[in-house]
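Breakdown of the fold
Here is how the chains run, residue by residue.
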Amino acid sequence: MKNFEKALLDLQIIVNNKIPAYNLPVHSGKSIRIGSLIVRNSKRFGYIIIDTATNKSIDTAYSKHGAVALANAHLKNASVREIKRCDKIIQKNLNDSYFYVNSITKTSDEIKQCILESRLEIAQNNIDYAKIFLDQFILQHIR
C-alpha cells in the first residue's frame, strides 16, 4: 500500500509541476480557468473574460467556444480578429436558427417550410464550421 501511495504522490507532483506550462481550460464551479484568466457566463454579454492579476474584464464573447479561444489568444498575445469573426458567425446563425425553427412550426405553406428548412440547415452548418475553427485554435494554442 505504501508503494501505491508513494506512486500517487509522485504522480501528483509531476502533474502539479507540468500543468502550469500548458494553458489547459479547467472547469471549476460556474467558471472556466485558463492560466491567469477566468471565463464566466454573463446574462448581458454572453461570456466575460477576466484577468485575475488585474481583476479587470479583458474581453467578451457570445459563445463558450469563442470565449475560451479568446482567452487563449490573449494569453499567447495572438490576433483575436478571426476568433471574434467566428464568434459573430455563431451569434448571427444561432439567432437565425431560432427564427427559422419558429417560422417552420407556424407556417402551413409547404414551399415556405421547405425554404426555411434549407436556410436552417445552412445556418447550422455555418455554426458547426465556426465551432470547428475555434476548437482547432484552442487545441493549437494549449501549449
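In what follows, the structure referred to is the one given above.
We now turn to the structure provided with this report. Everything numeric here is computed off the predicted structure, so don't read it as measured data.

1. A few points about the packing of helix H2 (residues 64-76) against helix H4 (residues 110-140)
Packed helix pairs are specified by the crossing angle of their axes together with the interaxial distance, meaning the distance between the axes. At a closest axis distance of 9 Å, the pairing of H2 and H4 adopts a crossing angle of 35°. In the packing of H2 onto H4, the handedness of the crossing is left-handed. Where H2 approaches H4, its residues His65, Gly66, Val68, Ala69, Asn72 and Ala73 are matched on the opposing element by Lys131, Leu134, Asp135, Phe137 and Ile138. Partitioning the contact of H2 with H4 into residue classes produces six nonpolar, three polar and two charged.

2. A short note on the nonpolar core
Counting 20 residues, the largest nonpolar core has Ile34, Val39, Ile49, Ala69, Ala71, Ile83 and Leu134 as the members making the most contacts within it. Broken down by secondary-structure element, the contributors of at least two residues to this core are strand S2 (31-34), strand S3 (37-42), strand S4 (46-51), H2, helix H3 (81-106) and H4. The greatest single-element share of this core, amounting to six residues, is contributed by H2. Not counting residues up to four positions away in its chain, the partners in contact with valine 39 are Lys30, Ser31, Ile32, Ile34, Tyr47, Ile48, Ile49, Ala67 and Ala71. Membership of the second largest hydrophobic core comes to five residues, among which are Tyr100, Leu116, Leu120 and Ala123.

3. Thoughts on H3
Compared with the 38 Å implied by 1.5 Å per residue over 26 residues, the 38 Å span of H3 between its first and last C-alpha is a close match. Looking at H3, one finds that the buried residues are Ile83, Cys86, Asp87, Ile90, Asn93, Asp96, Ser97, Tyr100, Ser103 and Ile104.

Reading the values: the criteria
- Residues numbered from 1 in each chain as written.
- Predicted model: local features only at pLDDT ≥ 70, side-chain atom pairs only at ≥ 80, totals over all residues.
- Heavy atoms only, no water.
- Axes fitted to C-alpha atoms, helices over the stretch in contact; angles between N-to-C directions.
- Helix = DSSP H or I, 4+ residues; strand = E, 2+ residues; numbered from the N terminus.
- Left-handed = near helix turned anticlockwise from the far one by under 90°.
- Contact = heavy atoms within 4.5 Å.
- Nonpolar A, V, L, I, M, F, W, Y, C, P; charged D, E, K, R; others polar.
- Core = buried A, V, L, I, M, F, W, Y, C linked by side-chain atoms within 4.5 Å.
- Buried < 20%, exposed > 50% of the residue type's maximum accessible area, 1.4 Å probe, protein only.
- Expected span 1.5 Å × (residues − 1).

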